[in-house]
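Each chain, letter by letter, is given below.
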Amino acid sequence: MKIVFATNNAHKLTEVQAVLGDAYTLVTPRDCGVTEEIPEDQETLEGNASQKARYLHRRTGLDCFADDTGLEVEALGGAPGVHSARYATDGHDFAANNRLLLKNLEGAENRRARFRTVISLLQGGKELLFEGIVEGRIIDREAGHEGFGYDPLFVPDGYTKTFAEMTTEEKNAVSHRARAVRKLAAYLHSTER
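Everything numeric here is computed off the predicted structure, so don't read it as measured data. (Residues numbered from 1 in each chain as written. Predicted model: local features only at pLDDT ≥ 70, side-chain atom pairs only at ≥ 80, totals over all residues. Heavy atoms only, no water.)

With that out of the way, let us pick up the UniProt feature "active site" (unreviewed entry) in the protein. UniProt annotation of "active site" (unreviewed entry) refers to Asp-68 when read in the numbering used here. Following the sequence through the fold, Asp-68 ends up in strand E3 (residues 64–73). In this structure, Asp-68 is in contact with Glu-40, Thr-44, Leu-45, Asn-48, Ala-49, Lys-52, Val-82, Arg-116, Thr-117 and Val-118, ignoring residues within four places of it in sequence. (UniProt positions renumbered as here; feature names shortened; annotations may be inferred. Helix = DSSP H or I, 4+ residues; strand = E, 2+ residues; numbered from the N terminus. Contact = heavy atoms within 4.5 Å.)

Here it is as structure tokens:
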């Protein structure tokens, strides 16, 4: 079954496809002729996921889903949160975001953080939200070369490696996005019966 996923991010596509498995083929906005930047200017992860899904649905008329993810750091009052992708600049500059995060955490004893993903599914005119959370901590220097974003700085609870030091399979076993996608997949499978 084909389903439209509101992202052109190759890393996200790989992660989500691995969790959904062979039963679903992900279709990107570009595959549907949507080449412009999809807006995400809401103040919450839920708002951004919903805005992206609704935008893509209006442009294509197809059932689709979108996600938004934020890194919420306790010592920073939940920042960068909904602004995670654009924490340091207006663009998606992962290196600059990581540098700013480390700078803002200098001297902080509390390094607790969590990744939170919200998925908005628009199917048959109905919207459903699915959430995935993983708790962990921010280390004081980048480690690993896999993944993207804050992965080189985040160690999930119960592990000694950052997301960037894990294989895709290891990360998908515990990640926030994988947890939200598993809920999405369970719902989609239940509606097929």
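The buried fraction of E3 is high, at ten of ten residues. Alternating residues of E3 divide into Cys-64, Ala-66, Asp-68, Gly-70 and Glu-72 and Phe-65, Asp-67, Thr-69, Leu-71 and Val-73, and every residue in both groups is buried. Summarising the sheet, strand E1 (residues 2–5) and E3 pair through two bridges and their orientation is parallel. Bridged to Val-4 within E3 is Cys-64. As defined by bridge partners, E3 adjoins strand E4 (residues 80–81) across two bridges and the pair is classed as antiparallel. In the sheet register, Glu-72 faces E4, and the bridge partner there is Pro-80. Between E3 and E4, which pair antiparallel and follow one another directly, the connecting turn spans six residues, one of which, Gly-77, has a positive phi of 65°. (Buried < 20%, exposed > 50% of the residue type's maximum accessible area, 1.4 Å probe, protein only. Pairing = 2+ DSSP bridges.)

Counting residues in each nonpolar core, the largest one holds 17 residues, and the members touching the most others are Leu-20, Leu-26, Phe-65 and Leu-121. Looking at this core, the elements with two or more residues in it are E1, helix H1 (10–20), strand E5 (112–123) and helix H5 (176–192). A total of six residues in this core trace back to one element, the largest contributor, which is H5. Every residue in contact with Leu-26, bar those within four places of it in the chain, is listed here: Ile-3, Phe-5, Leu-13, Val-16, Gln-17, Leu-20, Asp-31 and Phe-65. (Core = buried A, V, L, I, M, F, W, Y, C linked by side-chain atoms within 4.5 Å.)

Inspection of every chain in the model, using the stated rule, returns zero disulfides. Of the cysteine sulfurs around Cys-32, a residue in no disulfide, the closest is that of Cys-64, at 8.7 Å. The class for Cys-64 is buried, based on a relative accessible area of 0%. (Disulfide = S-S within 2.5 Å.)

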